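Remarks on the overall topology
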Amino acid sequence: MGGPCRGGGGVTSPRRLTLLTLLATTVVTTCARADEPGMFLSPTEIAEIRSRIDAGDEPWASVFAALYADATAALRMDPRPIEGRFRYTAPIGHAADEADLPHPDRLRRDSHIVRDLGLVYALTGEEQFASKAVEFVSAWVSSMEPSWPFDRPGPGVEAFDSTLPAMFYGYDLIAGSAPRTPEFAQAVAAWAGTIAEECKLRHYTTGTADTTGWNMLLIASASVVANKPQDRNFVWGDTENEDTFQSMLYLLFDSSGKVDARASAGSRYQGEDVFVAIRRLKTYVYVAEIARHHGVDLYNWQRDGRGLRSSLTAYAPYFTGEISLPGVGGFPLGRDADAWVYEIAHTTWPDRMFQEAIQYLGRPGFDMDILGPVALTHRYRGGGEAAERP
């Protein structure tokens, strides 16, 4: 949000990937404004979803009905912010008293509530949902220290970076509402911007192949809230940052689209671990979705056969039933898995293979980290279900 739309630029002298000094991205027409949503949904997209709901089209109508019920229930809930610095302890999922939940559980609970409230406000205009979202965000801004509290790689990085953007998403969706006053927006911008600034400064020492994508997503989503185009530029534009979207995508995936085994060296996951590959890809798709709303096309960026579409295509057969899933490090793959990124892939490229992956998984899909009901917000809306496979 804010500032002129910019095209992507070259990646200057990354220490690990000198081949990437001439990368460029393609300008597209979408460009967010500071007084309207522009993180994962634009006003035009919101209006289109609303028209589907009003017409009773499925799955929009039924998914929205469930979302509306959840958001209505949230009107009776209180925020559970943490005091001071975020500390990672293993999530437990539930507790008799929600105030006893570990920090990751409390952040996830409230971030998802804000997302749901924001979505319902955007789709109905009912300001009670925007007011409640402001109450939740205000509680966190006034209670949690604005820091990126990690000194080493570990599960805490992902627990934080994969959850807080959901709160930013919901907050973005109430842009232009009366409860989101200029004074409140200024406070939230300062809080989010400080968190992103710490992540920018410290991610070099803590980042791994498994967490750098989440770092980029946190910075990109915070940049929308903080109205800092320079932070989006840090993720994908002309910058001294070595871990840009383009450089990391080139590093992590080989020309076949699969995870490059060399990039996985030292990770607890190796080679053909489908779960971690698709989870990594999801972070890059979400960064590309933010970029799309700010005039930059990362979806179709490619070099030497490496890019989002080639990698999503390479892994799609695991989710169409054509190839049996190998062991996935103990993480279940099912309706709530990261494979619902194929809903967005199908919206971006109406490819029959992506459609088949969605059908095999079984709609409606739900992203457990940030986007929530992707079958409502990012289901393919073009004419006809899909093109033939290339």
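**Regarding the overall build of the protein chain**
In terms of helices and strands, the protein chain carries 15 helices and four strands. For the protein chain, the residues scored as buried account for 59% of the 390 residues in total. Of all intrachain contacts in the protein chain linking residues separated by at least 6 positions in sequence, the fraction that spans at least 24 positions is 76%. Summing over all exposed atoms, the protein chain offers an accessible surface of approximately 14,800 Å²; the carbon and sulfur share of this is 52%.

**Let's talk about the packing of aromatic side chains**
Throughout the structure, instances matching the rule amount to 13 aromatic pairs. Ring centres of F64 and Y68 lie 5.8 Å apart, and the angle between their planes is 55°; on these two criteria the pair is classed as tilted. A residue pair is termed a helical-turn pair when its members lie 3 or 4 positions apart in one helix, as F64 and Y68 do in helix α2 (residues 60-74) at four residues. On the basis of relative accessible area, Y68 is assigned to the partly exposed category, the value being 27%.

**Considering helix α10 (residues 245-252)**
Of all eight residues that make up α10, seven are buried, and the element is covered over most of its length. Every buried residue belonging to α10 is among F245, Q246, S247, M248, L249, Y250 and L252, and all of these are buried. Looking at the buried residues of α10, the elements they touch are α8 (212-226), α9 (229-236), α11 (274-292), β3 (302-303), β4 (306-307) and α12 (308-315).

**Quick word on the environment of I290**
By the secondary structure assignment, I290 is in helix α11. Residue I290 is classed as buried on the basis of its relative accessible area of 0%. Spatially, the C-alpha atom of I290 lies 5.7 Å from that of F40, the residues being 250 residues apart in sequence. Discounting residues that sit within four places of it in the chain, I290 has contacts with M39, F40, L217, A220, S221, V224 and W236.

**Brief notes about the layout of surface pockets**
Roughly 380 Å³ of internal volume is contained in the second largest pocket. Taken together, 18 residues line the second largest pocket, and the ones lying closest to its centre are L67, D70, R115, D116 and F366. Of all elements in the fold, only α2 and α3 (103-124) reach the threshold of two or more residues within the lining of the second largest pocket. Tallied by class, residues from the lining of the second largest pocket come to 11 nonpolar, two polar and five charged.

**Digging into the confidence of the model for the protein chain**
Mean pLDDT over the protein chain works out to 81, with 75% of the residues at or above the 70 mark. The low-confidence segment residues 1-30, where pLDDT is below 50, has 89 contacts with residues more than four positions distant or belonging to other chains. Of the regions scoring below 50 in pLDDT, residues 265-272 engages in 14 contacts with residues more than four places distant in sequence or in other chains.

**Description of the nonpolar core**
With 109 residues, the main nonpolar core has F160, W236, F245, L308, L312, Y315 and Y342 as its most contacted residues. Per-element accounting of this core gives the leading share, 11 residues, to α11. When near neighbours in sequence (up to four residues on either side) are disregarded, L312 contacts I278, L281, V285, V341, Y342, A345, W349 and F354.

**A look at the side chain of E45**
Its place among the elements puts E45 in helix α1 (residues 43-54). Within the local environment of E45, its side chain forms a polar contact with the backbone nitrogen of S42, the two atoms lying 2.8 Å apart.

**Looking at the packing of α8 against α11**
Here α8 crosses α11 at 20°, and the two axes come no closer than 9 Å. The orientation of α8 with respect to α11, classified from their angle, is roughly parallel. Crossing angle aside, the handedness with which α8 passes α11 is left-handed. Together, G213, W214, M216, L217, A220, S221 and V224 of α8 and R279, K282, T283, Y284, Y286, V287 and I290 of α11 make up the contact between the two elements. Tallied by class, residues from the contact of α8 with α11 come to nine nonpolar, three polar and two charged.

**Observations concerning α9**
Among the eight residues in α9, six count as buried, and that is most of the element. If you check which residues of α9 are buried, you get D231, R232, N233, F234, V235 and W236.

**Details of unusual backbone geometry**
With an omega of 10°, the peptide bond running from E58 to P59 counts as cis. Mapping P59 onto the fold places it in the loop between α1 and α2. Phi at N227 is positive, roughly 55°, even though this residue is not glycine. Positive phi outside glycine occurs at D304, with the angle close to 55°. Among the secondary structure elements, D304 is positioned in the loop between β3 and β4.

**A few points about the pattern of salt bridges**
Inspection of every chain in the model, using the stated rule, returns 19 salt bridges. In this structure, the salt-bridge partner of E145 is R85, at a minimum N-O distance of 3.0 Å. With E145 in the loop between α4 (127-143) and α5 (155-161) and R85 in the loop between α2 and α3, this pair connects stretches of sequence that are 60 residues apart. Since its relative accessible area comes to 33%, E145 is described here as partly exposed.

**Section: the packing of α11 against α12**
α12 packs onto α11 with a crossing angle of 150° between their chain directions and a minimal axis gap of 11 Å. Here α11 lies roughly antiparallel to α12, going by the angle between them. In the packing of α11 onto α12, the handedness of the crossing is left-handed. Facing V274, A277, I278, L281, Y284, V285 and A288 of α11, the residues of α12 in contact are L308, S311, L312 and Y315. Residue composition of the contact of α11 with α12, by class: 10 nonpolar, one polar and no charged.

About the criteria used
Residues numbered from 1 in each chain as written. Predicted model: local features only at pLDDT ≥ 70, side-chain atom pairs only at ≥ 80, totals over all residues. Heavy atoms only, no water. Helix = DSSP H or I, 4+ residues; strand = E, 2+ residues; numbered from the N terminus. Buried < 20%, exposed > 50% of the residue type's maximum accessible area, 1.4 Å probe, protein only. Contact = heavy atoms within 4.5 Å. Areas by Shrake-Rupley, 256 points an atom, 1.4 Å probe, with all protein chains shown as cover. Phe/Tyr/Trp six-rings, centres within 6.5 Å; stacked < 30°, edge-to-face > 60°. 1 Å grid on protein atoms, 1.4 Å probe; cavity = no way out; pocket = protein on both sides within 12 Å on 5 of 7 lines; lining within 4 Å. Points joined across faces, edges and corners; volume = space filled by probe spheres on them. Nonpolar A, V, L, I, M, F, W, Y, C, P; charged D, E, K, R; others polar. pLDDT = per-residue confidence, 0-100. Core = buried A, V, L, I, M, F, W, Y, C linked by side-chain atoms within 4.5 Å. Polar contact = N/O pair within 3.5 Å; in protein donor to acceptor, adjacent residues only side chain to side chain. Axes fitted to C-alpha atoms, helices over the stretch in contact; angles between N-to-C directions. Parallel < 35°, antiparallel > 145°, perpendicular 65-115°, else oblique. Left-handed = near helix turned anticlockwise from the far one by under 90°. Salt bridge = Lys/Arg side-chain N within 4 Å of Asp/Glu carboxyl O.

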